[in-house]
Amino acid sequence: MKRKAGTGIFRKFIVSSSSIQHKILISFIGITVLSLLFFGYISLYLSKKNMEEQISLSKMRNLAVVTEKLDIMIDNIVSLSNIYFGSSELRTLLMSPTASGSYEQKLKKEFVYRMIVNYKYAFTWLDYHVSIFGFNGLEMHSIYEGQVGLSKLASQPWYKEVEQQDGAVYLMRNTSPELASAIGEEHSIAVARMLKDYESGKNIGLLIISVKESFIYNQIKSSIEDYEAIMLTDAAGNILTASNKSLLGANIADRSYYPDENDEQQHFESTQIDGRKQLANYYHMSKTDWNLILFSPYDKLFEKINQVQRNNWFIFIIIICLGLFLSYIISRRLSVPIRSLYVDMNKVEKGDLSIRSDIVSKDEIGFLAFRFNHMVSRIEQLHKELFNQQEQKRRAELEALKSQINTHFLFNTLASIRYMVVTGDSQQADSVIVSLVKLLRKTLSQKSEFVYIQEEMDHLRHYLTIQRARLKDSFEVKWELEEEILHYRALNMLLQPVVENALFHGIEPLKETGKIWIKGYKENDRIVIEIIDNGIGFNHRGEDRNPNHGTGTGLQNIRHRLDMHFGHEGELYLERIEDKYTKATINFPAFRSEKELKPR
């Protein structure tokens, strides 16, 4: 049964569905190309794996050398701290009152300074900084003449850890900002220990020996290539030094490439960093519990083998091209006309009705091309007729909207202006005349189906100015518009019918002062405009029907225009809020030009 099923799939997708040209290509690829590709891939994969192991072993040897250098550095620092810890002169100096200016104390202080300088020269390869803080107020630095203050260090989190060591060495990073200025760098590694009085066992001071991060990095950079990156972290994952200085002090314990507890102490693996494949080599330093991580880009490591791979691909492409060329010559007479007709059909499917097939022959393919051209011509003719009908309908609807500013509206407005002039309110009369002129100019001269929302809002402001004058300021208007949406476009004469509906059916019958809120904002690439009024509501207006399916000419016209231009993405719906307010919401896709709209 399985063999029959497999054979059926082969016949369906290879034999039945493929063109003649595809069948020739598939046979050629199956016999020659796939075999060559398979053996080439296996050979290349095994070569890369073997080379990867050899490179990793070499990198591990380099990391072992770096580890040895760092261990020697830490051992030298610890040895230095032992010298200071065991110095009787330093202990006597720290136990003496700082106010004492005796000749003996001065001699001991000078001796300690000479000791700091001498040991600085004794370890010439090691760039370090010594800081001694006495509980008696004494403070001495190897290369810093200022004062840091023991109290500032005592507030640091590591200070209690040093005290708990009871004179033993404590290894840490980044002592404090104040001491960093004395060292000369923000980042460093330091050995700290309490100086003690041997007789009483009490702490008498604090010793800190710091090594700059730049010195530590110089010890390891000679073991890596220019294109590689290395970082040294402590046990918690904090970066002590790194090729990328912006990472200093950062914690990478949560990064995918950071080793976890179950990993071997020395191992390698491949990882992705910033979209680039890297070979990561890990080396754990058992003495300090630090980790060395070396990153080597694969494209640099395998540059030569990649060149071989590119050459193989070049040869492979040549073989494919030769095969394609041969199959093309053989199948051209059969497959090219069908392919041409197929391409023409795809173009027509995407909406290009100007396409005509240029196939001229007396066989079945020629007849099919002739019928195809006849069909496309008929579809193009019907499409033009339908487009003209829709365009005429849109213009008629827009003209119908403009005609809503009828003679009755003009008579009432002119009567209101005359009343204002007679009563001496010339300023308001002038404002209403200006609004009326601008309203009529836009209504009678605007031919475009779309306008900027800014223009639509200006038109609405002129209309409301006239209505407020006519209704003797019986309502207030509050605008809440996001600046961003004013540069988008909307349908012309979209909002006036909604506001007019709110005024005449909601505000005008109201006995108290009416209020209208006009809000506009952008949400999820859509323009949302809300018109809210505190009018009498649906039921009081005698509209018992569902307000979102009303038969009012103005609102029905808006719904029809939204559907015509935006389809289901354009909406107008009404709702009653808390039985106090009526809200009309219009939303449609945000667009700046008609080209952004999907064709309807």
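Criteria and cut-off values
Residues numbered from 1 in each chain as written. Predicted model: local features only at pLDDT ≥ 70, side-chain atom pairs only at ≥ 80, totals over all residues. Heavy atoms only, no water. Helix = DSSP H or I, 4+ residues; strand = E, 2+ residues; numbered from the N terminus. Buried < 20%, exposed > 50% of the residue type's maximum accessible area, 1.4 Å probe, protein only. Contact = heavy atoms within 4.5 Å. Areas by Shrake-Rupley, 256 points an atom, 1.4 Å probe, with all protein chains shown as cover. Axes fitted to C-alpha atoms, helices over the stretch in contact; angles between N-to-C directions. Parallel < 35°, antiparallel > 145°, perpendicular 65-115°, else oblique. Left-handed = near helix turned anticlockwise from the far one by under 90°. Nonpolar A, V, L, I, M, F, W, Y, C, P; charged D, E, K, R; others polar. Phe/Tyr/Trp six-rings, centres within 6.5 Å; stacked < 30°, edge-to-face > 60°. Lys NZ or Arg CZ within 6 Å of the ring centre and 35° of its normal. Expected span 1.5 Å × (residues − 1). Pairing = 2+ DSSP bridges.

1. Notes on the overall build of the chain
And step 1. Helix and strand counts for the chain come out as 17 helices and 17 strands.
And step 2. Each of the 600 residues in the chain was classed as buried or not, and the buried ones make up 42%.
And step 3. Of the contacts made within the chain by residues no fewer than 6 positions apart, 63% connect residues no fewer than 24 positions apart.
And step 4. If you sum the accessible surface of the chain, you get close to 34,400 Å²; carbon and sulfur atoms cover 54% of it.

2. Details of the packing of helix H14 (residues 453–470) against helix H15 (residues 496–507)
Angle between the axes and distance between the axes: these two values describe a pair of packed helices.
And step 1. In contact at an axis separation of 10 Å, H14 and H15 are set at 20° when each is read in the N-to-C sense. With respect to each other, H14 and H15 are oriented roughly parallel. Along this stretch, H14 crosses H15, giving a crossing that reads as right-handed. On H15, the residues touching Glu456, His459, Leu460, Tyr463, Leu464, Gln467 and Arg470 of H14 are Gln496, Val499, Glu500, Leu503 and Phe504.
And step 2. Here the residues of the contact of H14 with H15 sort into six nonpolar, three polar and three charged.

3. Quick look at the packing of aromatic side chains
And step 1. Throughout the structure, instances matching the rule amount to seven aromatic pairs.
And step 2. Seen from their ring centres, Tyr257 and Phe295 are 5.2 Å apart, and the 85° between their planes marks the pair as edge-to-face. With Tyr257 in the loop between strand E7 (239–242) and strand E8 (266–273) and Phe295 in strand E10 (residues 290–297), the pair connects residues that are 38 residues apart, well separated along the chain. Like Tyr257, the residue Phe295 is buried in the burial classification.
And step 3. Pairing Phe566 with Phe591 gives two aromatic rings, centres 5.9 Å apart and planes at 55°, and the pair type is tilted. You can see Phe566 sitting in helix H17 (residues 553–566) and its partner Phe591 sitting in the segment after strand E17 (581–589), a full 25 residues away along the chain. Across this residue pair, the class does not change: Phe566 and Phe591 are buried.
And step 4. One aromatic cluster is present, built from ring pairs that chain together Phe450, Phe566, Phe588 and Phe591.
And step 5. The cationic tip of Arg91 hangs over the ring face of Tyr198; the distance from NZ or CZ to the ring centre is 4.0 Å.
And step 6. Sitting above the plane of the Tyr488 ring, Arg592 keeps its charged end 4.1 Å from the centroid.

4. Observations concerning H14
And step 1. Between its terminal C-alpha atoms H14 stretches 26 Å, which fits the 26 Å expected from 18 residues at 1.5 Å a residue.
And step 2. All of the buried residues along H14 are Ile453, Glu456, Met457, His459, Leu460, His462, Tyr463, Leu464, Ile466, Gln467, Ala469 and Arg470.
And step 3. One or two steps after H14, the chain reaches Lys472, where phi turns positive at roughly 60°.

5. Brief notes about the side chain of Thr67
And step 1. One can find Thr67 in helix H2 (residues 20–85).
And step 2. Contact partners of Thr67, with chain neighbours within four places excluded, come to Tyr283, Met285 and Leu292.

6. Overview of the sheet that holds strand E5 (residues 203–212)
The strands that make up a sheet pair up through hydrogen bonds in the backbone, lying either parallel or antiparallel.
And step 1. In spatial order, the strands read E2-E1-E5-E4-E3; together these five strands make up an open sheet with antiparallel pairing. Single-partner strands in this sheet number two, and they are strand E2 (139–141) and strand E3 (170–173). Shown here is a sheet whose adjacent strand axes are inclined to one another by a mean of 20°, direction ignored.
And step 2. Pairing analysis gives three bridges linking strand E1 (residues 128–134) to E2, with the strands arranged antiparallel. Pairing of Phe133 across the sheet is with Glu139, part of E2.
And step 3. The sheet contacts of helix H3 (residues 88–95) involve E1, E2, strand E4 (188–196) and E5, and relative to E5 the element is tilted by about 120°.

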